[in-house]
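Listed below, chain by chain, are the residues.
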Amino acid sequence: ANLFVFQTKDPKDRDLILPHLGRSEKGLVNTEYKRYLARIPKTFAVAKFGYSDDVHLLEPILARPLMITCNEPSDREILNKLGGSGPAVVSNRNPIGFDPSSRDF
């Protein structure tokens, strides 16, 4: 599975990320990775891509994504492009169109 991780705020998020990086799987906890995920500099990310048959090329890397100037697509544009009906869920915490300032949650 491919993974691209920026700063993480919640320890539970880091607990979910570590197994995807291949650094924790019930048992030994890799606290160095966990601590680093909590303090990644703003312009950096940890990435892991599954594009090789060579296990050595599947190691996580530290990346600095290029910043581009563009307009962020609206929720409606994303849904139109990706298709589907109803709200698309980006994560289990913030579905597209969810208004965190709303009291209806």
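In what follows, the structure referred to is the one given above.
What comes next is a walk through the structure. (Residues numbered from 1 in each chain as written. Predicted model: local features only at pLDDT ≥ 70, side-chain atom pairs only at ≥ 80, totals over all residues. Heavy atoms only, no water.)

1. As for the nonpolar core
Here is the rule: Residues belong to one nonpolar core when they are buried, are Ala, Val, Leu, Ile, Met, Phe, Trp, Tyr or Cys, and are joined through side-chain atoms within 4.5 Å. Relative accessibility decides the category of a residue: with a 1.4 Å probe and only protein chains considered, values under 20% of the type maximum give buried, values over 50% give exposed, and everything between is partly exposed. Here a helix means four or more residues in a row that DSSP labels H or I, a strand means two or more in a row labelled E, and each is numbered from the N terminus. The contact criterion used throughout is that any non-hydrogen atoms of two residues lie within 4.5 Å.
Among the nonpolar cores identified, the biggest contains 8 residues, and these are Leu3, Val5, Ile17, Leu18, Leu21, Leu37, Ile40 and Val46. Among the secondary structure elements, those contributing two or more residues to this core are strand S1 (3-5) and helix H1 (11-21). Top element by residues in this core is H1. It accounts for 3 residues. If near-sequence neighbours (up to four positions away) are discounted, leucine 3 is found in contact with Ile17, His20, Leu21, Val46, Ala47 and Lys48.

2. What about the packing of aromatic side chains?
The cut-off we apply is this: For Phe, Tyr and Trp, where Trp contributes only its six-membered ring, two rings pair if their centres lie within 6.5 Å, and the inter-plane angle classes them as stacked under 30 degrees, edge-to-face over 60, or tilted in between.
All told, the structure shown has 2 aromatic pairs when counted by the stated rule. Ring geometry for phenylalanine 4 and phenylalanine 6: centres 5.5 Å apart, planes at 55°, overall tilted. Phenylalanine 6 sits in the partly exposed class, given a relative accessible area of 41%. Classification of phenylalanine 4 by relative accessible area gives partly exposed; the value is 38%. Connected via pairs of aromatic rings, a cluster forms that spans Phe4, Phe6 and Phe49.

3. Looking at the sheet that holds S1
So the rule is basically this: Any two strands are treated as partners once DSSP identifies two or more bridges connecting them. Convention adopted: a line fitted to C-alpha atoms gives each axis, helices being fitted over their contacting stretch, and angles between N-to-C directions are expressed from 0 to 180 degrees.
With respect to topology, 3 strands assemble into an open sheet ordered S1-S2-S3, the strand pairing being antiparallel. Among the strands making up the open sheet, the edge pair consists of S1 and strand S3 (61-63). Neighbouring strand axes in the sheet, compared pairwise and without regard to direction, differ in orientation by 25° on average. Running over the sheet, H1 touches S1 and strand S2 (45-48) and is turned about 140° from S1.

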